[in-house]
Amino acid sequence: IVLGMQSWGLLLSPAVGGLLAEPLKHYPSWGEDNVFLRTILQKYPFLLPNLVGTAIALVSATLLICYVPETMPEDRLHRIV
(Lines give C-alpha, C1' and ligand atoms only; values in the text may rest on other atoms or scores of the structure.)
Protein backbone atom coordinates (compact mmCIF):
# COMPACT_ATOMS: atom_id res chain seq x y z
CA ILE A 1 0.00 0.00 0.00
CA VAL A 2 2.80 2.42 0.89
CA LEU A 3 4.56 1.99 -2.45
CA GLY A 4 1.28 2.44 -4.30
CA MET A 5 0.50 5.66 -2.46
CA GLN A 6 4.03 6.92 -3.07
CA SER A 7 3.53 6.32 -6.79
CA TRP A 8 0.27 8.26 -6.78
CA GLY A 9 1.95 11.07 -4.86
CA LEU A 10 4.80 11.25 -7.35
CA LEU A 11 2.28 11.32 -10.19
CA LEU A 12 -0.17 13.88 -8.81
CA SER A 13 2.09 16.23 -6.85
CA PRO A 14 3.65 18.04 -9.83
CA ALA A 15 0.23 18.48 -11.43
CA VAL A 16 -1.33 19.94 -8.29
CA GLY A 17 1.75 22.10 -7.68
CA GLY A 18 1.57 23.41 -11.24
CA LEU A 19 -2.11 24.25 -10.89
CA LEU A 20 -1.51 26.14 -7.66
CA ALA A 21 1.73 27.92 -8.62
CA GLU A 22 1.43 31.60 -9.57
CA PRO A 23 -2.30 31.75 -8.91
CA LEU A 24 -2.69 35.42 -9.83
CA LYS A 25 -1.20 34.75 -13.26
CA HIS A 26 -3.43 31.74 -13.95
CA TYR A 27 -6.54 32.89 -12.11
CA PRO A 28 -6.61 36.73 -12.22
CA SER A 29 -9.92 36.99 -10.37
CA TRP A 30 -8.37 35.55 -7.19
CA GLY A 31 -7.85 38.21 -4.59
CA GLU A 32 -9.76 40.99 -6.36
CA ASP A 33 -11.65 41.88 -3.20
CA ASN A 34 -8.88 40.94 -0.75
CA VAL A 35 -5.88 43.28 -0.96
CA PHE A 36 -3.91 41.33 1.66
CA LEU A 37 -4.25 38.05 -0.27
CA ARG A 38 -3.33 39.70 -3.56
CA THR A 39 -0.27 41.36 -2.02
CA ILE A 40 0.96 38.10 -0.46
CA LEU A 41 0.42 36.09 -3.64
CA GLN A 42 2.17 38.74 -5.75
CA LYS A 43 5.17 38.77 -3.44
CA TYR A 44 5.30 34.97 -3.01
CA PRO A 45 3.84 33.35 -6.15
CA PHE A 46 4.76 29.80 -5.04
CA LEU A 47 3.36 30.10 -1.52
CA LEU A 48 0.06 28.35 -2.24
CA PRO A 49 1.48 24.96 -3.39
CA ASN A 50 3.83 24.97 -0.40
CA LEU A 51 1.00 25.70 2.03
CA VAL A 52 -1.12 22.93 0.52
CA GLY A 53 1.79 20.48 0.75
CA THR A 54 2.41 21.50 4.36
CA ALA A 55 -1.26 21.04 5.24
CA ILE A 56 -1.32 17.57 3.65
CA ALA A 57 1.85 16.57 5.53
CA LEU A 58 0.46 17.83 8.87
CA VAL A 59 -2.86 16.04 8.40
CA SER A 60 -1.04 12.84 7.40
CA ALA A 61 1.27 13.00 10.42
CA THR A 62 -1.64 13.69 12.76
CA LEU A 63 -3.65 10.76 11.39
CA LEU A 64 -0.59 8.53 11.61
CA ILE A 65 0.05 9.42 15.24
CA CYS A 66 -3.61 9.04 16.22
CA TYR A 67 -4.64 5.91 14.32
CA VAL A 68 -1.63 3.69 13.58
CA PRO A 69 -0.78 1.46 16.54
CA GLU A 70 2.78 1.18 17.84
CA THR A 71 4.34 -2.16 16.88
CA MET A 72 7.51 -2.03 18.97
CA PRO A 73 7.30 -4.07 22.19
CA GLU A 74 6.95 -2.04 25.38
CA ASP A 75 10.27 -3.26 26.81
CA ARG A 76 12.19 -1.89 23.80
CA LEU A 77 10.24 1.36 23.65
CA HIS A 78 12.18 4.31 25.04
CA ARG A 79 9.91 6.94 26.47
CA ILE A 80 10.85 10.58 26.01
CA VAL A 81 8.79 11.81 28.93
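Right above here is the structure, for reference.
Notes on the structure follow. (Residues numbered from 1 in each chain as written. Predicted model: local features only at pLDDT ≥ 70, side-chain atom pairs only at ≥ 80, totals over all residues. Heavy atoms only, no water.)

Describing the overall build of the protein chain
(1) Moving on: Each helix and strand in the protein chain was counted, giving four helices and zero strands.
(2) Moving on: N-terminal to C-terminal, the α/β element order of the protein chain is α-α-α-α.
(3) Moving on: Compactness check: the protein chain gives a C-alpha radius of gyration of 19 Å against a globular reference of 12 Å for 81 residues, more than 25% above the reference.
(4) Moving on: Each principal axis of the C-alpha distribution contributes one length, and for the protein chain these read about 60 × 30 × 15 Å.
(5) Moving on: Here the protein chain has roughly 7,200 Å² of accessible surface; of this, 69% comes from carbon and sulfur atoms.
(6) Moving on: One way to put it: in the protein chain the 5 positive side-chain charges average out to a point 8 Å from where the 6 negative ones average out. (Helix = DSSP H or I, 4+ residues; strand = E, 2+ residues; numbered from the N terminus. Rg over C-alpha atoms; globule rule 2.2 N^0.38 Å. Areas by Shrake-Rupley, 256 points an atom, 1.4 Å probe, with all protein chains shown as cover. Lys, Arg positive; Asp, Glu negative; His and termini not counted. Charge placed at Lys NZ, Arg CZ, Asp CG, Glu CD.)

A few points about the layout of surface pockets
(1) Moving on: Each pocket or cavity is described by its volume, and for the largest pocket that value is around 160 Å³.
(2) Moving on: As for the largest pocket, its lining consists of Trp8, Gly9, Leu12, Ser13, Val16, Gly17, Pro49, Val52, Gly53 and Ile56.
(3) Moving on: The class makeup of the residues in the lining of the largest pocket is six nonpolar, four polar and no charged. (1 Å grid on protein atoms, 1.4 Å probe; cavity = no way out; pocket = protein on both sides within 12 Å on 5 of 7 lines; lining within 4 Å. Points joined across faces, edges and corners; volume = space filled by probe spheres on them. Nonpolar A, V, L, I, M, F, W, Y, C, P; charged D, E, K, R; others polar.)

Brief notes about the pattern of salt bridges
(1) Moving on: Following the criterion strictly, the structure yields one salt bridge and no others.
(2) Moving on: The salt bridge partner of Lys25 is Glu22, with a shortest N-O separation of 3.9 Å. (Salt bridge = Lys/Arg side-chain N within 4 Å of Asp/Glu carboxyl O.)

Remarks on unusual backbone geometry
Leaving glycine aside, a negative phi is the common case for residues, and trans is the common case for peptide bonds.
(1) Moving on: In this structure, Glu22 takes a positive phi of about 50 degrees despite not being glycine.
(2) Moving on: Relative to the elements of secondary structure, Glu22 occurs in the loop between helix H1 (2–20) and helix H2 (23–26).

Section: the packing of aromatic side chains
(1) Moving on: Under the counting rule described, the total for this entry stands at one aromatic pair.
(2) Moving on: For the pair Tyr27 and Trp30, a centre-to-centre distance of 5.0 Å together with 25 degrees between the ring planes defines the contact as stacked.
(3) Moving on: The class for Tyr27 is partly exposed, based on a relative accessible area of 30%. (Phe/Tyr/Trp six-rings, centres within 6.5 Å; stacked < 30°, edge-to-face > 60°. Buried < 20%, exposed > 50% of the residue type's maximum accessible area, 1.4 Å probe, protein only.)

Examining the environment of Leu47
(1) Moving on: Checked against the element boundaries, Leu47 lands in helix H4 (residues 47–67).
(2) Moving on: Separated by 24 residues in the primary sequence, Leu47 and Thr71 place their C-alpha atoms 37 Å from one another.

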